[in-house]
Amino acid sequence: MKKLLVLLLSLLMLTACGGKNDEAADNAKNNAAANTQNTAEETEEETTGGATGTITLYTSQPEQDAQMLVDEFKKSNPDAEVMVFRSGTEEVVSKILAEKEVGDVQADVILVADTVTFQTLKEKDILMSYDSKELANIDEEFYDKDKFYAATKIISTGIVVNTELYDGEVTGFKSLTDPALKDNTIMPSPLYSGAAAYNLGVLTRTDGLGWEYYQALKDNGILVDKGNGAIQTAVVAGQKAAGILVDYMAMRSKAEGAPVEFIYPEEGSPYVTEPIGIAKGTENEELAKAFFDFVISKEGQELASSMGYTPIRSDVATPEGLKGADELKTIAADEQTLLENRTADKEEFAKLFQ
């Protein structure tokens, strides 16, 4: 009997110990699973990061360039979506002004040709002021004093020549009025291109050029096409021997092996800075600011330089073959005068080339 009692007690103790061990094992498994889940969540937070949501970018940049800009931005903001509406500056602005009229501006961020355009948007209360931390790295001449917009690059205008079609001397804008180039030149329309509209205002107010220059271009048979892309295509393809074109497009074509040369005009180069601004009332201010910051950050400016644009930051190198801001001989006009006369200038141009 005594032996039987001892055996029963031993079995009870073993069962109790086994239950405690099983419970401990279960607890350990649960704790390990919880720790693994927490670690995974923390890792996901660390690798995701950045601004989130959706914004719409209105831009006149070439479609490929705009997409590269968005793709690079999304590398550090993977949960962000950037929708793009792309057209010539004049059409983009017309769309924005029409949306403003009905109180429904669809753009969150605007990136188009020139400061005169942005002054118009500023005066019509379409932009919000944003004191980006990145402005500290940019010369004051490259952003609005009230911080409604900032330059993103320097795009100068000159002459592109197809060297297989024309071997005559080209020194500047007046060269396009040479009889040797009659009916063999092309230029972008200021009714479509913001850069061309800016150039029209500047060149017609430059001594030695003026409206007489545009009359001479017409008399020499220059073709007016839409934007700079059309001029690039025509000269590279040999449809025209020379044209008025922005610098980076000519240099891209040359780098790709096209028989073209870009000439900085002896009269001086008008240039635009393709500013960026945030639309007032954007529903995703955080993401819009993050995009603005990226475009003028060192990383964003290095991307611009890699695409062939002259950067506005002094700590980013200018692409080979292009002139930086301190090297350019420039021509300009009073911006308030350009702003006040932009519509009248375009109407005069339309009458001249109708």
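About the cut-offs
- Residues numbered from 1 in each chain as written.
- Predicted model: local features only at pLDDT ≥ 70, side-chain atom pairs only at ≥ 80, totals over all residues.
- Heavy atoms only, no water.
- Helix = DSSP H or I, 4+ residues; strand = E, 2+ residues; numbered from the N terminus.
- Buried < 20%, exposed > 50% of the residue type's maximum accessible area, 1.4 Å probe, protein only.
- Polar contact = N/O pair within 3.5 Å; in protein donor to acceptor, adjacent residues only side chain to side chain.
- Pairing = 2+ DSSP bridges.
- Phe/Tyr/Trp six-rings, centres within 6.5 Å; stacked < 30°, edge-to-face > 60°.
- Lys NZ or Arg CZ within 6 Å of the ring centre and 35° of its normal.
- Contact = heavy atoms within 4.5 Å.
- pLDDT = per-residue confidence, 0-100.
- Patch = residues over 30% accessible without salt bridge, like charges linked within 9 Å, V, L, I, M, F, W, Y side chains within 5 Å.
- Areas by Shrake-Rupley, 256 points an atom, 1.4 Å probe, with all protein chains shown as cover.
- Salt bridge = Lys/Arg side-chain N within 4 Å of Asp/Glu carboxyl O.
- Lys, Arg positive; Asp, Glu negative; His and termini not counted.
- Charge placed at Lys NZ, Arg CZ, Asp CG, Glu CD.
- Core = buried A, V, L, I, M, F, W, Y, C linked by side-chain atoms within 4.5 Å.

1. As for the side chain of E99
With respect to the secondary-structure elements, E99 resides in helix 3 (residues 89-101). Judged by relative accessible area, E99 falls into the buried class, the value being 10%. At 3.0 Å, the side chain of E99 and the backbone nitrogen of Q106 are in polar contact.

2. What about the sheet that holds strand 11 (residues 276-279)?
In spatial order, the strands read 2-1-3-11-4; together these five strands make up an open sheet with mixed pairing. Two strands lie at the open edges of the sheet, namely strand 2 (80-86) and strand 4 (127-128), each paired on one side alone. Two strands pair when backbone bridges link them, and strand 1 (residues 53-59) and strand 2 are joined in this way by seven bridges, in the parallel orientation. Across the sheet, L57 pairs through a bridge with V84, a residue of strand 2.

3. Brief notes about the packing of aromatic side chains
Taken as a whole and assessed by the stated rule, the structure comprises twelve aromatic pairs. Seen from their ring centres, Y248 and Y309 are 4.3 Å apart, and the 50 degrees between their planes marks the pair as tilted. Highlighted residues: Y248 in helix 8 (residues 247-255) and Y309 in the loop between helix 10 (298-306) and helix 11 (335-352), separated in sequence by 61 residues. Of the residues examined, Y309 reaches a relative accessible area of 1% and is grouped as buried. A cation sits over an aromatic face here: K95 above F85, 5.0 Å from the ring centre.

4. Points about the pairing of strand 6 (residues 185-188)
The alternating pattern of strand 6 places T185 and M187 and I186 and P188 on opposite faces, both of which are buried. In this sheet, strand 7 (residues 223-225) lies alongside strand 6 in parallel orientation, the contact comprising three bridges. What sits directly across from M187, in strand 7, is V224.

5. Side note on the environment of G53
Positionally, G53 belongs in strand 1. Exposure remark for G53: the relative accessible area of 27% places this residue in the partly exposed category. For G53 and E81, which are 28 residues apart along the polypeptide, the C-alpha to C-alpha distance reads 6.1 Å. Aside from chain neighbours lying at most four places away, what touches G53 is D79, A80, E81, N284 and L287.

6. What to know about the confidence of the model for the protein
On average, residues of the protein score 89 in pLDDT, and 86% of them reach the 70 mark or higher. For the stretch residues 1-48, pLDDT sits under 50, and the model shows two contacts to residues farther than four places along the chain or on other chains.

7. Focus on a negative patch on the surface
Together, E123, D334, E335 and E340 make up a region of like negative charge exposed at the surface. Position of E340 among the secondary structure elements: in helix 11. Overall, the relative accessible area of 57% leaves E340 in the exposed class.

8. Considering helix 7 (residues 228-236)
All of the buried residues in helix 7 are N228, I231, Q232, A234 and V235. Backbone geometry just downstream of helix 7 places G238 in the positive-phi region, at approximately 80 degrees.

9. What to know about the environment of T282
Mapped onto the elements, T282 comes out in the loop between strand 11 and helix 9 (285-296). As for T282 and L127, which are separated by 155 residues in sequence, their C-alpha atoms are 9.5 Å apart. Not counting chain neighbours up to four residues away, the residues in contact with T282 comprise D108, M128 and A288. Among the polar contacts listed, one links the side chain of T282 to the side chain of D108, at a separation of 2.7 Å.

10. Topic: the side chain of T157
Examined against the element boundaries, T157 turns out to sit in strand 5 (residues 155-162). Of note is the side chain of T157, whose polar atom sits 3.0 Å from the side chain of N199. Among all residues touching T157, those that are not within four sequence positions of it are F173, N199, I244, L245, V246, F262, P265, S269 and P270.

11. Considering the nonpolar core
Core analysis: the biggest nonpolar cluster contains 82 residues, and Y213, Y214 and F291 have the highest contact counts within it. No other element matches the seven residues that helix 9 contributes to this core. With residues up to four places along the chain from it excluded, the contact list for Y213 reads F173, K174, L176, T177, L203 and I244. Core analysis: the second largest hydrophobic core is formed by 13 residues, V112, F118, L127 and F148 among them.

12. Looking at the pattern of salt bridges
By the definition in use, this model includes 20 salt bridges. Of the charged contacts, one joins K122 and D144 as a salt bridge, the two residues approaching to 3.1 Å between their closest N and O atoms. Here K122, found in helix 4 (residues 115-123), pairs with D144, found in the loop between strand 4 and strand 5; they are 22 residues apart in sequence, far enough to count as distant. Residue D125 is joined to K280 by a salt bridge in which the shortest nitrogen-to-oxygen separation is 2.9 Å. Taken as a pair, D125 in the loop between helix 4 and strand 4 and K280 in the loop between strand 11 and helix 9 lie far apart in primary sequence, 155 residues in all.

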